[in-house]
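Structural overview
Listed below are the residues making up each chain.
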There are 2 protein chains.
Amino acid sequence: MKTVNVRLPGRGYPILIQAGSLDDAGRRVRRACAPDRLFIITDATVGSLYGDRLLDAFRRSGITASLHAVPAGENSKSWRILQDLYTRLIESGLTRDSCVAALGGGVVGDLAGFAAATYLRGIAWVQIPTTLLAQVDSSVGGKTGINHELGKNLIGSFHQPRLVLMDPSVLTTLEKREYWAGMSEVVKYGLIRSEPFFAWLESKWEGLGDPANAGLIEQMVTVCCRIKADVVRRDEKESGLRRILNFGHTLGHALESATEYGLFRHGEAVLHGMRFAAWLSMKREHLKPDAYQRIDDLLKRFPAPPVPNGLDGATLYEHMRTDKKRTGQGLRFILLKGIGKAFTEIPDHPARHLEEWLTNAR
Amino acid sequence: MKTVNVRLPGRGYPILIQAGSLDDAGRRVRRACAPDRLFIITDATVGSLYGDRLLDAFRRSGITASLHAVPAGENSKSWRILQDLYTRLIESGLTRDSCVAALGGGVVGDLAGFAAATYLRGIAWVQIPTTLLAQVDSSVGGKTGINHELGKNLIGSFHQPRLVLMDPSVLTTLEKREYWAGMSEVVKYGLIRSEPFFAWLESKWEGLGDPANAGLIEQMVTVCCRIKADVVRRDEKESGLRRILNFGHTLGHALESATEYGLFRHGEAVLHGMRFAAWLSMKREHLKPDAYQRIDDLLKRFPAPPVPNGLDGATLYEHMRTDKKRTGQGLRFILLKGIGKAFTEIPDHPARHLEEWLTNAR
């Protein structure tokens, strides 16, 4: 078992990473928050695979637990589903001493975390992420929330879980495409923060492609969580350093919204975003050409839909601007000074650079 | 001008109390959070009295401000109104560097605070409470939230404002009944925490009945905020000491819900709750009869509807139990060992005591 301690002022929490740990959830949760009652929120897909096993694990530890599955998919991050959840939490008799468990990917984590953050002004919750993306990304940082009809993730709050329990063996039932979408966020951590980790990924690439290699995957997930935990600890509310976690996301978000969230998985869009960001870093002479090549070589090995030919730089640029206006941050890019060395910059002529990249390098 | 500093780990804020301070809001808010844009949330009643004046105050300080008034009354603490608010915040271009100002009583404060707590995972807000109850109660502690159809205040979060600005002169336009409902919470602070303050209230009672006595009111509000700030600082998330702030609320809430929120203002229900709690304290031999008499003499001077004859102890007891089940706290009462000395106890036979009080002492 590997442990990453997320240290935050006054309320840190542990991330426990071990194949098979799902069956140990009762004991772990009892130790983390000793709830009088527990409510599992999951989605239909994950619920049918692991719901009963998790309920069993809690009951074996004497924790009164019930489970509710929302429909799988992004549409569950909605008002309607959230309201329905509140009703179920109330009707199940959840008190301030109870606990919510989120069993699933990013959507379930965001939704369940936000329900826990706002039910009775905030109750305890634990996260049991079942996708690679959720394990390496949304399990650290305490971001929770739902979508608004005018934009994604506009409603939410920061609410740290009491415990994150990761069982990498659940990744074996994950769709291949979903797994690879998560891998692009894995590579991101190497790019922004650790050259040795990037080199390790290069050297283990074949093995990492198969989630059945539990030992390797455990190691990989642990490093990602460690890097993210370190960044978040230094900047909990996302005012400075934490922005580097958005490496590849400026163009990534634009690609997602320009294709109406229908073509790319989030990780796939970020993959293209990272390729562009690396390219832009080289063009602006922050990154040496050989480092750029090393990055692009690895990123090109990913299976992912290409950027559609119909999408031009001007269109994507407009999407980037709209997205950023909302956060009041200006069109800031995360660039690289080297592998493992990210920084932020507001570059001149981003639209022109984008057009050039689309023509020459995508 | 009087100042009360609410000290909390990492993020305290000042409460500024001065007649006429409404016109100084721009300068004060600029100093507290320097927003790129500000959005005033108020209700129709308060908005028509003070909305333009406040907008002016912000504009004079160069703060881009807009205002939205929700309907007056408890029904505005709803999903529907909240969703509409989010849409307006988004459409007004509020960013993470913007600020929400709550101008109004408890309903507006709870609603606007919760919108600020959950918009873009939490943005700054300032509170400008315009009722006596909101000034002495909801302005300290950071409680925000809305109602669920299955119960009041079930959805919400803790979100501390950056600044609370109180202008006691706005109380002159408050309905008399509303003013007295607030006064019962004022007396509560003396009862639970300060005999000298209770004695001061007794001695100034005539003057305190007229909100035009700005100096007296300023002093009174300041002491209340100081007491509440001290209690909250010692117990931010309401796990222990803070419960004493619920003095009179166990029966108070039951009276409100048993009469379907139609007969009593919150403060009026709490008034009866405090009379019962004082009586119970005496019956259980914690409080001396002469102290009880002194308390009851002051509380009987309040104008308030009496407890209806049709309400019996058993009915009220059921309402108390339902209310408490939700918080998982058991039927705990806040009692007095003396004036200014509150503690909590789970008494035997509360229903019987209640019946006796209803028969003999209400």
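The paragraphs below set out a description of the structure included in this document. On a predicted model such as this, the values are computed, not experimentally measured, just so you know.

1. What to know about the sheet that holds strand β1 (residues 2–6) of chain B
Residues and elements named next belong to chain B.
- Taken in spatial order, the 7 strands of this open sheet run β1-β2-β9-β6-β5-β3-β4, and their pairing is mixed. The open sheet has two edge strands with one neighbour each: β1 and β4 (65–70). With direction set aside, neighbouring strand axes in the sheet form an average angle of 20°.
- Here strand β2 (residues 13–17) pairs with strand β9 (residues 163–166) via 3 bridges, running parallel. Each residue of the ladder has a partner; that of Ile17, found in β9, is Met166.
- Seen against the sheet, helix α2 (residues 44–60) touches β3 (38–43), β4, β5 (99–104) and β6 (124–129) and runs at an angle of roughly 160° to β3.

2. Considering the interface of chain A and chain B
- Listed as interface residues are 34 residues of chain A and, on the opposing side, 34 residues of chain B.
- It is Trp79, Arg96 and Arg121 of chain A in chain A that bury the most area against chain B; as a group they hold 25% of the surface buried on that side.
- The interface formed by chain A and chain B holds 0 salt bridges in total.
- Seen at the junction of chain A and chain B, the total is 8 residue pairs in polar contact (both at pLDDT 80 or more).
- Sort the elements by how many residues they give to the side of chain A that touches chain B and helix α3 (residues 79–91) of chain A lands first, with 7 residues.
- Partitioning the side of chain A that touches chain B into residue classes produces 13 nonpolar, 13 polar and 8 charged.

3. Some remarks on the pairing of β5 of chain B
All names here are of chain B.
- Counting buried positions along β5 gives 6 out of 6 residues, so the element sits mostly inside the fold.
- Here β5 shows a buried face lined by Cys99, Ala101 and Leu103 and a second buried face lined by Val100, Ala102 and Gly104.
- Relative to β5, β3 is paired through 5 bridges, and the arrangement is parallel. Looking at β5, one finds that Phe39 is bridged to Val100.
- In the sheet, β5 pairs with β6 via 6 bridges, with the strands oriented parallel. Bridging from a neighbouring strand, Cys99 pairs with Ala124 of β6.
- Taking the sense of rotation as the criterion, the β-α-β connection linking β5, helix α4 (residues 106–118) and β6 turns out right-handed.

4. A closer look at the relation of the copies chain A and chain B
- Mapping chain A onto chain B calls for a screw motion: a turn of 180° about the axis and a shift of 0.0 Å along it, with 0.0 Å RMSD after fitting. Classification of the inter-copy transformation places it as that of a two-fold axis.
- Most of the interface of chain A is mirrored in chain B, where 100% of its interface residues again form contacts.

5. Some points on the side chain of Thr130 of chain B
- Topologically, Thr130 of chain B is positioned in the loop between β6 and α5 (132–138).
- Residues contacting Thr130 of chain B, with those up to four places away along its chain left out, are Val46, Leu103, Gly104, Gly105, Val170, Leu171 and Leu174 of chain B.

Parameters at a glance
- Residues numbered from 1 in each chain as written.
- Chains lettered and ligands numbered in written order.
- Predicted model: local features only at pLDDT ≥ 70, side-chain atom pairs only at ≥ 80, totals over all residues.
- Heavy atoms only, no water.
- Pairing = 2+ DSSP bridges.
- Helix = DSSP H or I, 4+ residues; strand = E, 2+ residues; numbered from the N terminus.
- Axes fitted to C-alpha atoms, helices over the stretch in contact; angles between N-to-C directions.
- Contact = heavy atoms within 4.5 Å.
- Buried area = accessible area lost by both parts, 1.4 Å probe.
- Salt bridge = Lys/Arg side-chain N within 4 Å of Asp/Glu carboxyl O.
- Polar contact = N/O pair within 3.5 Å; in protein donor to acceptor, adjacent residues only side chain to side chain.
- Nonpolar A, V, L, I, M, F, W, Y, C, P; charged D, E, K, R; others polar.
- Buried < 20%, exposed > 50% of the residue type's maximum accessible area, 1.4 Å probe, protein only.
- Right-handed = clockwise from strand over helix to strand, strands pointing away.
- Least-squares fit on C-alpha atoms with pLDDT ≥ 70 in both.

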